[in-house]
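# Examination of the molecular architecture
What follows is each chain in one-letter form.
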Amino acid sequence: MSTRIFGSGIKRREDPRLITGKALYTDDMVLPGTLHMAVVRSPHAHARIMNIDVEAARKAPGVAAVYTGKDVDCAPVPCAWLVPDSDLKTPDHPALATRKVRYVGDAVAVVLAENRYQAEDAADLVEVEYKPLQPIIDPEKATQDDAPRVHGGVRNNIAFRWVASSGDEEIEKAFQEADVVVSERIVQQRLLPTAMEPRAAMAQYNEASGEMTVWCSSQNPHIHRHAMGLVLEIPDHKLRVVAEEVGGGFGSKIPVYADEILVAWAARKLGRPVKWTETRSENYLATIHGRDHVEYVDLAAKKDGTMVAIRGKVYAGMGAYLSTAGPGVPTILHGLMYSNVYRFEHARCESIGVFTTATPTDAYRGAGRPEAIFLVERLVDKLAAQLDMDPVELRRKNLIPPFEDGYDVATGLTYDSGNYQATLDKALQKAGYEDFRQMQKEARQEGRLVGIGVTTYAEICGLGPSQVAGATGFQGGLWESCIVRVSATGKVQVMIGSNPHGQGEETTFAQIVSQELGFPVEDIEVVHGDTDRTPMGWGTYGSRTTPVSGAALALATRKLKEKCKALAAHLLEAAQDDIVYEDGKFFVKGSPDEHKTIQDLALMATVAWDLPEGMDPGLEASQFYDPPNFVYPFGCHIAVVEVEAETGHIELKRYIAVDDCGPQINPVIVAGQVHGGVVQGIGQTLFEGAFYDEQGQLLTGSMMDYTVPRADMFPQLELDHTETPSPHHPLGVKGVGETGTIASTVTVYNAVIDALRPLGVEQIDMPMTPPRVWKAIQQAGGS
C-alpha cells in the first residue's frame, strides 16, 4: 500500500532557520567597502522644489557623495500593468523628484556615506526650499474640477477609467424593472502592509565584467531583474537579483521601487557596494499602501429575492504615481469578481483610477478581491433586510449550482469548479446557525447586542494564463518554470522561478516531489530567490505559486517517473508497460521483491553504465507551465460578535471558516494561510486604517498610531474544508493564501451591523473602532 505524503500535515521545513534567527535577510548582508545610503524625503504632500542645497551634506564626515534628481540619469520607474481601453495616463515617476514633490515621503536626494549613522546625519543637512501647494487626498474629491492637479496634463487627476460590463443597456433596463434596488457608499480605507523586515537593498557592480548583483527583499526577483535592467540599461544576463529571504510582503514587495533603483545606480556610479534599509517610518511613508476605494454600489432584485444585476462605480486612489501593478488592482482583480458565487444576469464595474498627493497604492493581500466580495456581500445583507428575508436563505436562493468543469458568470469569467452549497451547509452546521438566531432573540430581549455575519465567496487566483495577462495589459507573462535535478546520491534539487516568502512551499513542493518520486522530503531541497540559480518565473503573489509553479513541478516529476520506468524496465528486462511504481520502488507487476529503488535508478542514470538505447544520461527534467485558466477557490465564513452599546466595544466571539482550495497538499500549512488571512482581513474591519490630515500628513506613520492586530484580539478560529478539485490543474489544487482576507472583512462587518440592527444602525466606516461604533449608536437614537 502506498504511503501518501501528499495531504500530510508535516512540519514546515523552512521554520527552524526562520524562528531561530539563522535566516539571512538583505539587511544581514555585509560586503567590504560598502557605502550606506540615506534618502532625503519630502515633508510636504504637494510642493514645488525651489532649490536644493547639498553642500553642507557633502562636507559632512564620511560622506562619499550626495545626489539629487539632476544627477540621476536613469529612466523613470516603470508601471507594468497598462490596462487597455482605459485612457491610461502614465506620467513619469522619476527616481528622485526634480521640480515637484507629490506626497510626503517623495524622495528628493540621497546621501552615500561610510556608515549608516553618517549617511542619516548628513541627510539632515540637505536644505530643500519648497513652495507648498494644495494637497488632495480623497480620490473622489480629486476628480472635481477645482481639485489641485497632481500631474500636469492629467485632467481631473484621472489616471484611467475602466469599464467591465455585461451590457449597459441591459443593466439599465434591469435596474428600471427591478422590484427592489439597494445601494450603499462604501469606503475601503487605506491599509499599511507591515512586513517583519521593511524593504532593503544592496548592490555591487563589477566594472570589468559589467555585471551587477542586487540583493533586495522582492516577491518576484525575476521581475525586479527585468524592470531594473530596463531602467538602468543592463541586459538580463548581466544583472543578478537575489531575494532568498523576503521578510514578509503581503504584496508590498511586488513593486519595483525608486529606492532599489537608486541603490544599484549609485553602486555603479561610485564603484562600491551600496546598501539601504528603510526605517519603519519610511516603510509607512514610502512603501505602497493598499485599498483606498470610494465605492457607489447598487443591487437590483425581484421581490422574491432573485438577484438580477449588480453595478459599482469606484474611485480608486492610486496615490502620486502608478506603482508597478497598481492599475490592475481596482480593475481586472476587482471588477471581474462582482458576480461572486451568484447567478446574476448582469454586472458592471466602472473603476476610475485617481492620482492624489498620497503614497502610491498597489497590491495588498487579496488586491481588489476583498473590496469586490465586500460590496457584493454587503449588498446581499442589505437586500435581505429590505425584503425581511433571512440573509442565509437569500444567499442559498441565488447560489450558482454545483459544477465540476466550468461555469460562465456575468462578468465574463469562466469559473473552474465549485460547490458553494456544500461549504455553506458545513459552515452553518458548525456555527449552529438556527440555534444562534433563537439565542439572538433572547439576547435582544435582555438588551444585549449580538450579531452574526455569513459570507459565501469565490475568488480568482493562480494568476495566469499569459495570453490573458497580455490581453489585460500586464507587461509580462504569468507562466512558471522549474528544474528538478536528482544527483547520483539520491538527493534532489528543485529550482523554481517563483519566490515563496512564508507561504510554506519549501515544504509543500518537497511533498509533491516525494509523492511523485518517492524521495524522502528530507532529501529534497527547494531553491528559489536567485535569478542566477533558478529558471525564469514571474513571482509569488495572487495565490499563484502552488497552482502555477506546483503544476510545473508535478509535470516535471512525472517526466522523471516515466524515465525511471523505462530505465527500470531495461534493468529488470521487462516491458515498460509492466513496470509498477510504489513507494519509491519500481518493479514488475506482481513481483515487488525484485525491484529498483528511485535511488538505484538515480545512480544508474548518472553513471550511465547501462542505459536503454537512445536514453540520455542523468536524471533531470525542466518544465514550463502556462495555466489554461485561473483557479477559483471558494468557501463560507461566519462571524459571531457582541457589541457593548455603552462603549462601542466589539467582541469577536466566534469565527468559522470553511474553505475549498481543492486537495490540500499540507493541511497544516493551509490552516496557517487561512489563519493569517482571516486576521489580516478582520484587521481592516476593526483595527487598521491609514489616515492623512488636510495637509496630506500621514497621521498613522508609526506603530504607535497604526494598530496591527495581535493574537490576543481573536478567538480560536474554527476551520474546516471541503474538496472540489480544479479540473484543469494536474493536481487539482487551487490557491489559498488570500481566501481568509477576501472573506473575513465583510463577514465581521455584517455581523456588527446585524448586532446593531435593532438600534437602526446600517452603516459605519471602517475600521469599526469603539468611538465610531458608539457615535453611530448615538446618531441612530442611542442604546
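See above for the structure.
So, a few notes on the structure that sits alongside this text.

What counts and how
- Residues numbered from 1 in each chain as written.
- Predicted model: local features only at pLDDT ≥ 70, side-chain atom pairs only at ≥ 80, totals over all residues.
- Heavy atoms only, no water.
- Pairing = 2+ DSSP bridges.
- Helix = DSSP H or I, 4+ residues; strand = E, 2+ residues; numbered from the N terminus.
- Axes fitted to C-alpha atoms, helices over the stretch in contact; angles between N-to-C directions.
- Contact = heavy atoms within 4.5 Å.
- Buried < 20%, exposed > 50% of the residue type's maximum accessible area, 1.4 Å probe, protein only.
- Arc of directions from axis to C-beta.
- Polar contact = N/O pair within 3.5 Å; in protein donor to acceptor, adjacent residues only side chain to side chain.
- Salt bridge = Lys/Arg side-chain N within 4 Å of Asp/Glu carboxyl O.
- Parallel < 35°, antiparallel > 145°, perpendicular 65-115°, else oblique.
- Left-handed = near helix turned anticlockwise from the far one by under 90°.
- Nonpolar A, V, L, I, M, F, W, Y, C, P; charged D, E, K, R; others polar.
- Core = buried A, V, L, I, M, F, W, Y, C linked by side-chain atoms within 4.5 Å.
- Disulfide = S-S within 2.5 Å.

### Quick word on the sheet that holds strand E28 (residues 718–721)
Strand order in the open sheet made by the 4 strands is E18-E26-E27-E28, with mixed pairing throughout. Two strands lie at the open edges of the sheet, namely strand E18 (449–458) and E28, each paired on one side alone. Recorded for the sheet is a direction-independent mean angle of 15 degrees between the axes of neighbouring strands. In the packing of helix H11 (residues 420–431) onto the sheet, contacts are made with E18, strand E26 (634–643), strand E27 (650–660) and E28, and the angle to E27 comes to roughly 145 degrees.

### Comments concerning helix H3 (residues 116–123)
Within H3, burial applies to Ala119, Ala122 and Ala123. The arc that holds every buried residue of H3, seen down its axis, measures 105 degrees, which confines them to one face. Residues of H3 that are exposed and point over 90 degrees away from its buried face: Tyr117 and Asp121. Those residues of H3 hidden inside the fold are in contact with strand E1 (35–41), helix H2 (55–58), strand E3 (63–68) and strand E5 (107–113). For H3, the N-terminal cap is asparagine 115; the gap from its side-chain oxygen to the backbone nitrogen of tyrosine 117 is 3.0 Å.

### Regarding the pattern of salt bridges
The full count for this structure, using the stated rule, is 46 salt bridges. When the shortest N-O distance is used, the salt bridge between aspartate 15 and arginine 12 registers 2.8 Å. Residue class for arginine 12 comes out partly exposed when judged on its relative accessible area of 22%. Where aspartate 720 meets lysine 426, a salt bridge forms, and the shortest distance between an N and an O atom there is 3.5 Å. In this pair, aspartate 720 is assigned in strand E28 and lysine 426 in helix H11, connecting sequence segments 294 residues apart. Looking at lysine 426, the relative accessible area reads 28%, which means it is partly exposed. Residues participating in the shared-partner salt-bridge network are Arg41, Arg199, Asp259, Glu278 and Glu282.

### Re the sheet that holds strand E23 (residues 585–588)
Strands sit in the order E22-E23-E24 across an open sheet of 3 strands; the sheet is antiparallel. Each of the sheet's edge strands pairs with one partner strand only, and the pair in question is strand E22 (579–582) and strand E24 (591–597). Ignoring strand direction, the axes of neighbouring strands in this sheet form an average angle of 40 degrees. Where E22 lies against E23, 4 bridges are found, and the strand directions are antiparallel.

### Notes on the packing of helix H14 (residues 505–517) against helix H15 (residues 545–571)
Between H14 and H15, the shortest axis-to-axis distance is 9 Å and the interhelical angle comes to 30 degrees. Taken together, the axes of H14 and H15 are roughly parallel relative to one another. By crossing handedness, the relation of H14 to H15 is classed as right-handed. On H15, the residues touching Glu505, Phe509, Ile512, Val513, Glu516 and Leu517 of H14 are Thr545, Thr546, Ser549, Gly550, Leu553, Ala554, Thr557, Arg558, Leu560 and Lys561. Split into classes, the residues belonging to the contact of H14 with H15 amount to 7 nonpolar, 5 polar and 4 charged.

### Remarks on the pairing of strand E25 (residues 619–625)
Burial of the side chains of E25 is restricted to one face: Leu619, Ala621, Gln623 and Tyr625 are buried, whereas none of Glu620, Ser622 and Phe624 on the reverse face is. Bridging between strand E19 (residues 480–486) and E25 involves 7 bridges; their strand directions are antiparallel. Paired with glutamate 480 across the two strands is tyrosine 625, which belongs to E25.

### Considerations on unusual backbone geometry
In this chain, glycine 464 is followed by proline 465 through a cis amide linkage whose omega measures 0 degrees. Looking along the chain, the bond that leaves methionine 766 and enters proline 767 is cis, with omega of -5 degrees. In this fold, proline 767 is placed in the loop between helix H18 (739–756) and helix H19 (770–780). The phi dihedral of glutamate 233 is positive, around 60 degrees, even though this residue is not glycine. Here glutamate 233 shows up in the loop between helix H5 (221–232) and strand E11 (239–242). Positioned with a positive phi, aspartate 388 is a non-glycine residue whose angle comes to about 55 degrees.

### Here we look at the environment of alanine 123
Note that alanine 123 resides in helix H3. Residue alanine 123 is classed as buried on the basis of its relative accessible area, which comes to 9%. Counting along the chain gives 389 residues from alanine 123 to isoleucine 512, while the straight-line C-alpha distance between them is 50 Å. Sequence-distant contacts of alanine 123, that is, excluding residues within four places in its chain, are made with Ala38, Val40 and Val111.

### Quick look at the packing of helix H9 (residues 369–387) against H18
Describing two packed helices takes the angle between their axes plus the distance from one axis to the other. Relative orientation of the contacting elements H9 and H18 amounts to 30 degrees, with a least axis distance of 8 Å. In terms of orientation, H9 and H18 fall into the roughly parallel class. For H9 against H18, the interelement crossing comes out right-handed. Contacts between H9 and H18 involve Arg369, Pro370, Ile373, Phe374, Glu377, Arg378 and Asp381 on the former and, on the latter, Thr741, Ile742, Thr745, Val746, Tyr749, Asn750 and Ile753. Taken together, the residues of the contact of H9 with H18 sort by class into 7 nonpolar, 3 polar and 4 charged.

### Focus: the nonpolar core
In terms of nonpolar packing, the biggest core is built from 124 residues, with Tyr415, Leu756 and Met768 touching the most fellow members. The biggest single contributor to this core is H9, with 9 residues. Non-local contacts of methionine 768, meaning those with residues more than four positions away in its chain, are made with Ile650, Thr685, Leu686, Tyr749, Val752, Ile753 and Val773. Listed in part, the 47 residues of the second largest apolar core include Val494, Ile579, Phe586 and Leu611.

### As for the state of the cysteines
What the rule picks out here adds up to 0 disulfides. Cysteine 216 takes part in no disulfide bond, and the closest cysteine sulfur to it belongs to cysteine 74, at a distance of 15 Å. Classification of cysteine 216 by relative accessible area gives buried; the value is 0%. Looking at the unpaired cysteine 564, the closest cysteine sulfur is the one in cysteine 482, lying at 15 Å.

### Considering the environment of alanine 568
Counting through the fold element by element, alanine 568 comes out in helix H15. Sequence spacing of alanine 568 and phenylalanine 586 is 18 residues, and the spatial spacing of their C-alpha atoms is 6.4 Å. In contact with alanine 568, not counting residues within four places along its chain, are Ile579, Phe586 and Leu601.

### A look at the side chain of aspartate 530
The topology assignment puts aspartate 530 in the loop between strand E21 (524–527) and H15. A polar atom in the side chain of aspartate 530 sits 2.9 Å from the backbone nitrogen of aspartate 532. Dropping the residues within four chain positions of it, aspartate 530 is found in contact with Arg240, Val241, Val242 and Glu244.

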